[in-house]
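# Structure at a glance
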Amino acid sequence: MADSSQNTTGLAAYLFIFALAIVTTVSLQETVIKGSIDAVFPNYEFITNVIPGEWIIMSRDLTPKDEFGSQREKLNDIVFKIRHREFDTDQTINLLRGKKALREYTMNNDQTLYFINPYIAIFPLHIFIGGLIAFLISMYLPAGSKLAWIRAKLMREYERVGSLLEKQFDAHGVNFKEMFKVSRSEREQLLRFTTLPQVVVTEVEDYISLHQYVEGHSRNFLVPVLFYFRYRISASYGNLIQGLVSGGAAILIFVIGLRGLKLIPQEEPSLILMALSIEFILLIVLMITFAGSAQEERLDRVVKELEAEQRDAIKHQTDTIQEVLGDRRGSGGGGTGSSDSLSEYEEQRLLDEVLSLMLKEAERKRSV
């Protein structure tokens, strides 16, 4: 009951941090975008507070100096009419006519014009950044805190992997606690001469690295994140993330198709930017998931190692049988010294068994 209450409190704290982060990023979006445009695209200017809920991004007016003042006056006149509804008393019609006037103005001056709705175009980025901030804060809160929802999940995964490794070590007759007392190279050397599969070496290193971080002996803040992505996110949600990436690509194709049909005007790319943002975020998440995951699934790697060991065992048995048959032929003096193949040995063994059965049957009939 206490664990359920702590989990609910941690989830509520996570959602609160998430909402607070989104509010913060939204409040800073205008400043950040304006600064980015000024730094990266100096040939564009950023205009706000003209159309409610939309930004105007247009290329700079490069008309000669003697004409610049009159051109700027025309632009200011259009902006004034939009703000004061002089194109039409109806708000929607006023905005549409104002946008048309701006398009005509930029066309006459060979300028490029975009109307961006930030709450559509970049809101997926706000969600991603807010979720990332909430994840990191919840991850690095103290382990005993009821607000550390992600940290609690990390510790459960830490205990699960540790329990699994300890049981596996006990089954192979190896002392798991001894692994903490030696260096990494010594651990690899010790594990090499045990019957444990090679995949355990990586898992032991990951577990010991997180153990040192939990105990305060390490300050590498990437350790818990990598451990959580490798043993929780990648293992449980890998297929889901790949499916979401495919869904994001489908959304992007659909939106670009609407643009191809000219249902989305060239000057209003907000929906296209939203689709691009979604696909960009999902690909980043997929990249992190793949980068943090193991090369192969644990079961697949263990099976491959067992298959390799089985092949080695069969090859060793075959070589032994061939050596025995070769020695027998050599001691009899009638052979050439070359060993028979495994198939020939099996045929000879089956023939001997048939002859033995026939002799037993003949003796039984004779006794009757």
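Residues numbered from 1 in each chain as written. Predicted model: local features only at pLDDT ≥ 70, side-chain atom pairs only at ≥ 80, totals over all residues. Heavy atoms only, no water.

### So, the overall build of the chain
Counting its regular elements, the chain contains twelve helices and three strands. Buried positions account for 33% of the 368 residues belonging to the chain. Accessible surface, the chain: about 23500 Å² in total, of which carbon and sulfur atoms supply 59%. (Helix = DSSP H or I, 4+ residues; strand = E, 2+ residues; numbered from the N terminus. Buried < 20%, exposed > 50% of the residue type's maximum accessible area, 1.4 Å probe, protein only. Areas by Shrake-Rupley, 256 points an atom, 1.4 Å probe, with all protein chains shown as cover.)

### Digging into a nonpolar patch on the surface
A cluster of nonpolar side chains, namely L132, L136, Y140 and F221, defines an oily patch on the protein surface of about 350 Å² accessible area. Under the relative-accessibility criterion, L136 is labelled partly exposed at 33%. (Patch = residues over 30% accessible without salt bridge, like charges linked within 9 Å, V, L, I, M, F, W, Y side chains within 5 Å. Salt bridge = Lys/Arg side-chain N within 4 Å of Asp/Glu carboxyl O.)

### Comments concerning the packing of helix α5 (residues 123–140) against helix α9 (residues 222–260)
Where α5 meets α9, the closest approach of the two axes is 11 Å, and the angle between their N-to-C directions is 110°. With respect to α9, the axis of α5 lies roughly perpendicular. Regarding α5 and α9, the two cross each other, and that crossing is right-handed. The segment α5 lies against α9, with F135, L136, M139 and Y140 engaging L222, P224, V225, Y228 and F229. Of the residues assigned to the contact of α5 with α9, the class counts are nine nonpolar, no polar and no charged. (Axes fitted to C-alpha atoms, helices over the stretch in contact; angles between N-to-C directions. Parallel < 35°, antiparallel > 145°, perpendicular 65-115°, else oblique. Left-handed = near helix turned anticlockwise from the far one by under 90°. Contact = heavy atoms within 4.5 Å. Nonpolar A, V, L, I, M, F, W, Y, C, P; charged D, E, K, R; others polar.)

### Digging into unusual backbone geometry
Here R85, not a glycine, exhibits a phi torsion of approximately 55°, which is positive. By secondary structure assignment, the location of R85 is in the loop between α2 (65–83) and α3 (91–108). Look at R85 and you get partly exposed, because its relative accessible area is 42%.

### So, the sheet that holds strand β3 (residues 113–116)
The three strands lie next to each other as β1-β2-β3, forming an open sheet whose pairing is antiparallel. Among the strands making up the open sheet, the edge pair consists of β1 (44–47) and β3. Taking the axes of each pair of neighbouring strands and ignoring which way they run, one obtains an average angle of 20° across the sheet. Note: β1 against strand β2 (residues 55–59), four bridges, orientation antiparallel. Bridge pairing in β2 links E45 to M58. Here α3 sits on the sheet in contact with β2 and β3, set at roughly 150° to β3. (Pairing = 2+ DSSP bridges.)

Don't take any of this as a statement about function, it's just geometry.
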